[in-house]
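Residues per chain are reported as follows:
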Amino acid sequence: MTTFLGSNQYGKAENRVVRIYRETDRHEIRDLNVSTSLRGDFDEAHTTGDQAKILPTDTQKNTAFAYAKEHGVTSPEDYAIALGTHFLDAAPAATAAQIRVEEYVWDRITVDGSEHDHSFVRRGTETRTSVVTVEGRGDDQKVAVLAGLTDLVVLKSTGSEFKGYLKDGYTTLQETDDRVMATSLTARWRYDLDTIEDVDGFDWDGTYESIRSILLAAFARTHSRALQETLFVMGDDALKAHPEVAEIRFAAPNKHHFLYDLSPFGTENNGEVFMAADRPYGLIEATVTRDDASDPGSAWTAVPAFV
Ligand SMILES: O=c1[nH]c(=O)c2[nH]c(=O)[nH]c2[nH]1
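Residues numbered from 1 in each chain as written. Predicted model: local features only at pLDDT ≥ 70, side-chain atom pairs only at ≥ 80, totals over all residues. Heavy atoms only, no water.

J.: How do you make sense of the packing of aromatic side chains when you look at a structure like this?
T.: The geometry of two aromatic rings is summed up by the distance between their centres and the angle between their planes. Taken as a whole and assessed by the stated rule, the structure comprises six aromatic pairs. Ring geometry for phenylalanine 162 against tyrosine 165: centres 4.8 Å apart, planes inclined by 15 degrees, an arrangement best described as stacked. Relative to phenylalanine 202, the ring of tyrosine 191 has its centre 5.7 Å away and its plane inclined at 75 degrees; by these criteria the two rings are edge-to-face. Taken together, the positions of tyrosine 191 in strand β6 (residues 181–191) and phenylalanine 202 in the loop between β6 and α4 (204–221) put the pair 11 residues apart, joining distant regions of the chain. For tyrosine 191, a relative accessible area of 3% puts it in the buried group. A residue is classified by how much of its surface remains accessible, and phenylalanine 202, at 17% relative accessible area, is buried. (Phe/Tyr/Trp six-rings, centres within 6.5 Å; stacked < 30°, edge-to-face > 60°. Helix = DSSP H or I, 4+ residues; strand = E, 2+ residues; numbered from the N terminus. Buried < 20%, exposed > 50% of the residue type's maximum accessible area, 1.4 Å probe, protein only.)

And the structure:
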């Protein structure tokens, strides 16, 4: 019996890079969790122990921090493209570099009705995400950019029904035309860079905010016949408004809210008191794709998402 080395990658995970812009009294903060991975011809490092081709994870960490100053962090996507491109120059054996960035958003604290210059409060649990994969060199170099968010917790107190579903001998669920619908949304969308004229000058932050608002508006506006339908409308709205987005993927846990039975206490419950169940949860996952979407290449390789 012989064995061989299968797919592999290596890098430094979860570098907590905080970049503060302090050129004026009104400071700006970008708070990132940056993970780097290199893929390529790193067989010897595993099979013979020869580390000659390995750019150490410690160096990758240093570069992540240095680039926060030398390149800057105008957006997670722009920073990740610069870092990924650099690693292909720095490590000749690498065929691809993947940079995964989570951004924790800080809002300014409002004091006496005005935003404070240098005091911030973290925005809930929501996290902005980006995954950039840079592959190849020179004219053949390909850059894939995913953006998204995770842990965006939303709830509708009405405007959601669930009925007309398949029933069998194990079905106990009652049909409803008025329920609470809540989820903690993960969404990732893939940019088609060929549709973007000036990638260096692209407004990554503005586009992120626009798509986030579209998703929230669609969730609020749509009378939901199922979480599946709501996700599709959210994706459809985002793709229609943003031709530069090829596809969007969702993972949405259905955070069930069960009407609590207060009848033993002689109290009516007209959709007023619910038990929020922690688990199990329905897990609804869906992709909405433009029919002429570009080839994703390795954009989704090693990205923690379904399919
Ligand atoms: O929006 C829903 N989709 C389902 O597939 C489902 N299944 C279920 O039991 N409740 C729900 N709700």
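J.: I tried to follow unusual backbone geometry on my own but got confused; where do I start?
T.: Comment: phi is negative for the bulk of residues other than glycine, and the bulk of peptide bonds are trans. Cis peptide bonds are those with omega within 30 degrees of zero, and the linkage from arginine 279 to proline 280 qualifies with 0 degrees. Relative to the helices and strands, proline 280 is located in the loop between β9 (274–276) and β10 (282–289). You will see that aspartate 112, though not glycine, has its phi angle at about 50 degrees, which is positive. Along the chain, the position of aspartate 112 falls in the loop between β3 (94–111) and β4 (114–135). For aspartate 151, which is not glycine, the phi dihedral falls at a positive 60 degrees. If you trace the backbone, aspartate 151 turns up in strand β5 (residues 142–156). You can call aspartate 151 partly exposed: its relative accessible area is 33%.

J.: Is there a simple way to explain the layout of surface pockets in this structure?
T.: Here the largest pocket defines a volume of roughly 700 Å³. Leu173, Thr176, Arg179, His257 and Phe258 are, among the 21 residues lining the largest pocket, the residues nearest its centre. Ranked by residues supplied to the lining of the largest pocket, first place goes to strand β8 (residues 257–259) with three residues. Residues of the lining of the largest pocket, tallied by class, amount to eight nonpolar, 10 polar and three charged. In this structure, the second largest pocket encloses a volume near 350 Å³. In terms of lining residues, the second largest pocket is bounded by 16 residues, among which Lys142, Val143, Ala144, Asp295 and Pro296 are the most central. Taken together, the elements giving at least two residues each to the lining of the second largest pocket come down to β4, β5 and β6. (1 Å grid on protein atoms, 1.4 Å probe; cavity = no way out; pocket = protein on both sides within 12 Å on 5 of 7 lines; lining within 4 Å. Points joined across faces, edges and corners; volume = space filled by probe spheres on them. Nonpolar A, V, L, I, M, F, W, Y, C, P; charged D, E, K, R; others polar.)

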